[in-house]
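Close look at the chain arrangement
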Amino acid sequence: MHGLLFSGQRALNELFPGFEQEPLRAGLDVRVERPGYDPFPHRDLGWSGYAASRPAIEHAVRRRVESRANTTLRQRCRVTEVLATPNGGAVTRVRCENGHGVSETITADLVVDASGRGALTIALL
Ligand SMILES: Cc1cc2nc3c(=O)[nH]c(=O)nc-3n(C[C@H](O)[C@H](O)[C@H](O)COP(=O)(O)OP(=O)(O)OC[C@H]3O[C@@H](n4cnc5c(N)ncnc54)[C@H](O)[C@@H]3O)c2cc1C
């Protein structure tokens, strides 16, 4: 189970209204037990959450992103380099390799590195 915390829920609901449909009430709908301890008391902890795997959450987000007319997803496309202007003042392009191993360069007004650990940005810096 992936714990989707409150600010994550709020952000997803702002981006994709209706994302929060059937939350679980923490403390009431979930029973927590750990070996060597009594079961945690059954009481309303005052917040709602979701019981979904991370792939299920990512699938729900992906479906909503795909339905946006101004958004294109490039599958199996790996960014190999973030490219800046010659003086290093601004990022203007990314180089990537598509699913067929062909390299291409995409120009952009804004590049967001969401690759997780930031290796691409660190390499650029
Ligand atoms: C075992 C484990 C359990 C966790 N449990 C929880 C939990 O219950 N609740 C919680 O809130 N957080 C949890 N986390 C933390 C959470 O998973 C991360 O904080 C979160 O996934 C980070 O999201 P992200 O989008 O920044 O990066 P990621 O989820 O890592 O996404 C980065 C994406 O970029 C892609 N990518 C990387 N390099 C390139 C490239 N060069 N070109 C193109 N694409 C690229 C990757 O394939 C990936 O899809 C857990 C983490 C782990 C490891």
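Nothing here was measured: the structure is a model prediction, and the numbers come from that model. Each chain carries its own residue numbering, running from 1 in the written order of its sequence. A pLDDT threshold of at least 70 governs which residues receive local features in this predicted model, and a stricter bar of 80 or more applies before side-chain atom pairs are shown or counted, although totals over entire chains, interfaces and linings include all residues. Derived side-chain values reflect all non-hydrogen atoms in the structure, with water molecules and hydrogen atoms excluded from consideration.

Only protein atoms enter the 1 Å grid used here. Points where a 1.4 Å probe fits but cannot escape make up a cavity, open sets with protein on both sides within 12 Å along at least five of seven lines make up a pocket, and a residue lines them when an atom lies within 4 Å of a point. Grid points are joined across faces, edges and corners, and a volume is the space filled by probe spheres set on the points. Each pocket or cavity is described by its volume, and for the largest pocket that value is around 990 Å³. Taken together, 22 residues make up the lining of the largest pocket; nearest its centre are Arg 74, Cys 77, Val 79, Val 112 and Ala 114. Among the secondary structure elements, those contributing two or more residues to the lining of the largest pocket are β3 (78-84), β4 (91-97) and β5 (103-107). For the purposes of this entry, the term helix denotes a DSSP run of H or I that reaches at least four residues, the term strand denotes a run of E that reaches at least two, and both are numbered from the N terminus. A per-element tally of the lining of the largest pocket places β3 first, with three residues. Along the lines of polarity and charge, the residues of the lining of the largest pocket split into 13 nonpolar, four polar and five charged. In this structure, the second largest pocket occupies an estimated 370 Å³ of space. Classes in brief: Ala, Val, Leu, Ile, Met, Phe, Trp, Tyr, Cys and Pro nonpolar; Asp, Glu, Lys and Arg charged; the others, Gly included, polar.

This part is about the domain arrangement of the protein chain. Each domain of the protein chain was delimited in the assignment, giving domain 1 (2-66) and domain 2 (78-124). Averaged C-alpha coordinates put domain 1 and domain 2 at centres separated by 34 Å. All domain edges in this entry derive from an automatic or database-based domain assignment.

With that settled, the discussion passes to the pattern of salt bridges. In what follows, salt bridge is the name for a side-chain nitrogen of Lys or Arg lying within 4 Å of a carboxyl oxygen of Asp or Glu. All told, the structure shown has five salt bridges when counted by the stated rule. The residue Arg 25 makes a salt bridge to Asp 44 at a minimum N-O spacing of 3.1 Å. Residue Arg 25 is located in strand β1 (residues 24-25), and its partner Asp 44 is located in the loop between β1 and β2 (48-49); the two are separated by 19 residues in the primary sequence. Accessibility here uses a 1.4 Å probe with only protein chains present; expressed as a share of the type maximum, an area under 20% marks a residue as buried, one over 50% as exposed, and anything in between as partly exposed. Relative accessible area serves as the criterion here: at 28%, Arg 25 is assigned to the partly exposed category. We classify Asp 44 as partly exposed; its relative accessible area is 41%.

A word on the site of the ligand. In these notes, residues near a molecule or strand are those with any non-hydrogen atom within 4 Å of it. All residues in the neighbourhood of the ligand are listed as His 2, Gly 3, Arg 54, Cys 77, Arg 78, Val 79, Ala 114, Ser 115, Gly 116 and Leu 120. Within the side chain of Arg 78, an N or O atom sits 3.4 Å from a nitrogen atom of the ligand. We get accessible surface area from the Shrake-Rupley algorithm with a probe of 1.4 Å; when it comes to residues, only the shown protein chains can shield them. The fraction of the free accessible surface of the ligand (1,000 Å²) that becomes covered by protein chains is 37%. Tallied by class, the residues present in the shell around the ligand amount to four nonpolar, four polar and two charged. Two domains share the shell around the ligand, each providing at least three of its residues, namely domain 1 (2-66) and domain 2 (78-124). In protein, a polar contact means a hydrogen-donor-capable atom and an acceptor-capable atom, both N or O and within 3.5 Å, with residues adjacent in sequence counting only if both atoms are side-chain atoms; elsewhere, any N or O pair within 3.5 Å suffices.

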